[in-house]
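Spelled out from the first residue to the last, the chains are:
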Amino acid sequence: MSDLRELYQEVILDHNKSPRNCRVLDEPDARHAEGYNPLCGDRLTVYVGTDGDVLRDVSFTGEGCAISQASASLMTEALKGLTRAEIEKLKDAFIKLVTTGETTNVDLGKLRVLGGVHDFPMRVKCATLAWHTLNAALNNDRNTATTE
Ligand code: ZN
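Let me sum up the structure you'll find in this document. The shown structure was predicted, so the numbers you read here are calculated from the model rather than taken from an experiment.

A tally of regular secondary structure across the chain gives four helices and four strands. In the chain, the order of α-helices and β-strands from amino to carboxyl end is α-β-β-β-α-α-α-β. Against the globule reference of 15 Å for 148 residues, the chain gives a C-alpha radius of gyration of 14 Å, in line with a compact fold. Expressed along its principal axes, the backbone C-alpha trace of the chain runs to roughly 45 × 30 × 30 Å. A buried classification covers 41% of the 148 residues belonging to the chain. Summarising the internal contacts of the chain: among those between residues at least 6 apart in sequence, 60% fall at separations of at least 24. Positive and negative side-chain charges in the chain, numbering 17 and 22 respectively, have mean positions lying 1 Å apart.

This is the structure we're talking about:
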């Protein structure tokens, strides 16, 4: 179990150091939303490019703690090519995992590495910020998504 924790830690540190899809999505029909976690000071912008119901491309920019950056990076990797319904399922399962530590029958893949966050209530919002911001981008919500 501690080996697993160490491995998970390594994945998080790697995604923080070399975040994936960390760029502005420069497409004419791309949408974006801002997210802010006042508890920690994390700020994210999430960009989405959709093809009908499918999330064709997703990226982010921002600054904040290692958990918020790694979570955004892992999220963008996990969601490309999925439909809104598939994304909703993953989002619910992910938020349940990081808030309660409980897993469901939804396969979270690499996103599982953030499961340990539920032991640190202060960091839960760092992990969920990217997902709230994604939601706002998909819904074309102009208000800043906050974790409060
Ligand atoms: Zn944070």
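Another aspect to go through is the sheet that holds strand β3 (residues 54–63). An order of β3-β2-β1-β4 is seen for the four strands of this open sheet, with the pairing classed as mixed. The sheet terminates laterally at β3 and β4 (145–146), the two strands that pair on one side only. When strand β1 (residues 31–37) meets strand β2 (residues 42–51), the two strands line up antiparallel, connected through seven bridges. By the bridge assignment, arginine 31 is partnered in β2 with valine 48. Relative to β3, helix α2 (residues 66–79) is tilted by about 165 degrees, and along the sheet it contacts β2 and β3.

Below, the discussion takes up the packing of aromatic side chains. Applying the stated rule across the entire model yields one aromatic pair. Measuring from ring centre to ring centre gives 5.1 Å for phenylalanine 94 and tryptophan 131, while their planes differ by 20 degrees; the resulting arrangement is stacked. Of this pair, phenylalanine 94 sits in helix α3 (residues 84–100) while tryptophan 131 is found in helix α4 (residues 121–138), placing the two residues 37 residues apart along the sequence. An identical accessibility class is assigned to phenylalanine 94 and tryptophan 131; each is buried. Lying over the aromatic face of tyrosine 36, arginine 43 brings its terminal NZ or CZ to 4.0 Å of the ring centre.

What counts as what
- Residues numbered from 1 in each chain as written.
- Predicted model: local features only at pLDDT ≥ 70, side-chain atom pairs only at ≥ 80, totals over all residues.
- Heavy atoms only, no water.
- Helix = DSSP H or I, 4+ residues; strand = E, 2+ residues; numbered from the N terminus.
- Rg over C-alpha atoms; globule rule 2.2 N^0.38 Å.
- Buried < 20%, exposed > 50% of the residue type's maximum accessible area, 1.4 Å probe, protein only.
- Contact = heavy atoms within 4.5 Å.
- Lys, Arg positive; Asp, Glu negative; His and termini not counted.
- Charge placed at Lys NZ, Arg CZ, Asp CG, Glu CD.
- Pairing = 2+ DSSP bridges.
- Axes fitted to C-alpha atoms, helices over the stretch in contact; angles between N-to-C directions.
- Phe/Tyr/Trp six-rings, centres within 6.5 Å; stacked < 30°, edge-to-face > 60°.
- Lys NZ or Arg CZ within 6 Å of the ring centre and 35° of its normal.

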